[in-house]
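# Coordinates in review
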Amino acid sequence: MVSVVTAAGVGVIVLVHTAIAAVGARFFRITLQTRWGSVLYTAVLIPLVYVVTTLALGALGFGAGAFSDPGQLVVVTWAFPFFLGWSIDLFWIPPPEDLEDVPEGSGD
């Protein structure tokens, strides 16, 4: 049985990883000129960031002992947030091409 604190810790990890995936995918889509470049960088570099954040949050005790199977851990804390964050960038945020028509600083 998983305690409420452990479940909340897993929730924090999922939220942090989802935010990292959404912001990282958006950053690569804006800065890189080719579609495959942004896909490749997103697919390779975001999981590398996940390694660091998983180790850091695990050292702080977030989600400690929540999963007995390593496969469940990878799916819940890596795969689900990765694809959720990537889909947030692809489907719910306007594409970078549509944002170029925004007027520059009118607050001066």
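Refer to the structure printed above.
The sections below set out a description of the structure shown in this document. (Residues numbered from 1 in each chain as written. Predicted model: local features only at pLDDT ≥ 70, side-chain atom pairs only at ≥ 80, totals over all residues. Heavy atoms only, no water.)

## Points about the packing of aromatic side chains
Stated formally: Aromatic rings from Phe, Tyr and Trp, taking only the six-membered ring of Trp, are treated as a pair when their centres fall within 6.5 Å; an angle between ring planes under 30 degrees marks them as stacked, one over 60 as edge-to-face, and anything in between as tilted. Strands are runs of DSSP state E lasting at least two residues, helices are runs of H or I lasting at least four, and both sets are numbered from the N terminus onward. Classification of residues uses two cut-offs on accessible area relative to the type maximum, computed with a 1.4 Å probe and protein chains only: under 20% is buried, over 50% is exposed, and between them is partly exposed.
Counted according to the given criterion, the structure contains five aromatic pairs. Between Phe82 and Phe83 the ring centres are 5.1 Å apart and the planes differ by 80°, which places this aromatic pair in the edge-to-face class. Judged by centre distance (5.2 Å) and plane angle (70°), the ring pair of Phe82 and Trp86 falls under edge-to-face. Of this pair, Phe82 and Trp86 are both found in helix 3 (residues 70-92), four residues apart, which corresponds to roughly one turn of the helix. As far as burial versus exposure is concerned, Phe82 and Trp86 are alike and both buried. Three or more aromatic residues link up through ring pairs in this structure, and these residues are Phe27, Phe28 and Tyr41.

## Digging into a nonpolar patch on the surface
In plain terms, the rule: In this scheme, patches are assembled from residues that exceed 30% relative accessible area and form no salt bridge. Like charges are connected within 9 Å, while nonpolar side chains (Val, Leu, Ile, Met, Phe, Trp, Tyr) are connected within 5 Å. Values of accessible area rely on a 1.4 Å probe in the Shrake-Rupley scheme; residue burial ignores everything except the protein chains shown. Salt bridge, as applied in this entry: a Lys or Arg side-chain nitrogen positioned within 4 Å of an Asp or Glu carboxyl oxygen.
Taken together, the side chains of Leu40, Tyr41, Val44, Leu45 and Leu48 define a hydrophobic patch exposed on the protein surface, amounting to about 450 Å² of accessible area. When you line up the elements, Leu48 lands in helix 2 (residues 35-59).

## Structural notes on the packing of helix 1 (residues 4-31) against helix 2
A pair of packed helices is characterised by two quantities: the angle between their axes and the separation of those axes. What counts, and what does not: Lines fitted to C-alpha atoms define the axes, with helix axes restricted to the stretch in contact, and inter-axis angles between N-to-C directions lie between 0 and 180 degrees. Our angle categories are set so that under 35 degrees counts as roughly parallel, over 145 as roughly antiparallel, 65 to 115 as roughly perpendicular, and the remainder as oblique. Should the near helix be turned anticlockwise from the far one by less than a right angle, the crossing is left-handed, and should it be turned clockwise, the crossing is right-handed. Here a residue-residue contact requires only that any non-hydrogen atoms of the pair lie within 4.5 Å.
Here helix 1 crosses helix 2 at 150°, and the two axes come no closer than 9 Å. In this view, helix 1 runs roughly antiparallel relative to helix 2, as classed from their interaxial angle. Classified by chirality, the crossing of helix 2 by helix 1 is right-handed. Where helix 1 approaches helix 2, its residues Ile13, Val16, His17, Thr18, Ile20, Ala21, Gly24, Ala25, Phe28 and Arg29 are matched on the opposing element by Ser38, Tyr41, Thr42, Leu45, Ile46, Val49, Tyr50, Thr53, Thr54 and Leu57.

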